[in-house]
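Observations on the model geometry
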Amino acid sequence: MTLYEGEKGGTYEVCGVYVEESVTRRLQALGLNDGTRIKVLNRKKKGALIIQVRGTRLALGAHISSGIEVKNGQKSSKGEEAYIHD
């Protein structure tokens, strides 16, 4: 699934970033790499997402968030985050 399809409050793990090369490099510099855990904090009316990455908040437009492949994260019974593929 893509990050754009993610729900507010959901926790996800990045599987791949498939946007323009310059945007990909900038996102990687901000810490958005494969395997990075992110949380969707808010969704705006026009499709923008506010996410938390490594303690920092980022705003991503619909075009960029739809180019980021993620997998769902679920809480395990021990309170740790376990990740499953969609």
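See the structure shown above.
Please read all numbers here as calculations on a predicted model, not as lab measurements. (Residues numbered from 1 in each chain as written. Predicted model: local features only at pLDDT ≥ 70, side-chain atom pairs only at ≥ 80, totals over all residues. Heavy atoms only, no water.)

Below, the discussion takes up unusual backbone geometry. A positive phi angle, near 50°, is found at Arg54, a position not held by glycine. Mapping Arg54 onto the fold places it in the loop between strand 3 (49-53) and strand 4 (56-60). Assessed through its relative accessible area of 60%, Arg54 is described here as exposed. (Helix = DSSP H or I, 4+ residues; strand = E, 2+ residues; numbered from the N terminus. Buried < 20%, exposed > 50% of the residue type's maximum accessible area, 1.4 Å probe, protein only.)

With that settled, the discussion passes to the nonpolar core. Ranked by size, the top nonpolar core spans 16 residues in total, and within it Leu3, Leu27, Leu32, Ile38, Ile51 and Ile68 carry the most contacts. Looking at this core, the elements that each hand over two or more residues are strand 1 (11-17), strand 2 (37-43), strand 3, strand 4 and strand 5 (68-75). Contact partners of Leu27, with chain neighbours within four places excluded, come to Val17, Val19, Leu32, Leu60, Ile64 and Ile68. (Core = buried A, V, L, I, M, F, W, Y, C linked by side-chain atoms within 4.5 Å. Contact = heavy atoms within 4.5 Å.)

Here we come to the packing of aromatic side chains. Evaluation of the coordinates by the stated rule reveals 0 aromatic pairs. In this arrangement the basic side chain of Arg43 is found over the ring face of Tyr4, its NZ or CZ atom lying 5.3 Å from the centre. (Phe/Tyr/Trp six-rings, centres within 6.5 Å; stacked < 30°, edge-to-face > 60°. Lys NZ or Arg CZ within 6 Å of the ring centre and 35° of its normal.)

Attention now moves to the pairing of strand 3. Within a regular strand, side chains alternate between the sheet's two faces. Burial of strand 3 is one-sided: the residues Leu49, Ile51 and Val53 facing one way are buried, the residues Ile50 and Gln52 facing the other way are not. The pairing of strand 2 with strand 3 spans 5 bridges and is antiparallel. Across the sheet, Asn42 pairs through a bridge with Ile50, a residue of strand 3. Connecting the antiparallel pair strand 2 and strand 3 is a turn made up of 5 residues, with Gly47 showing a positive phi of about 100°. Pairing analysis gives 5 bridges linking strand 3 to strand 4, with the strands arranged antiparallel. (Pairing = 2+ DSSP bridges.)

Right, let's get into the pairing of strand 2. Pairing geometry for strand 1 and strand 2, over 3 bridges, is antiparallel. Paired with Glu13 across the two strands is Arg37, which belongs to strand 2.

Owing to a relative accessible area of 8%, Thr24 belongs among the buried residues under this scheme. A sequence separation of 44 residues divides Thr24 from Ile68, and the C-alpha atoms of the two residues are 9.5 Å apart.

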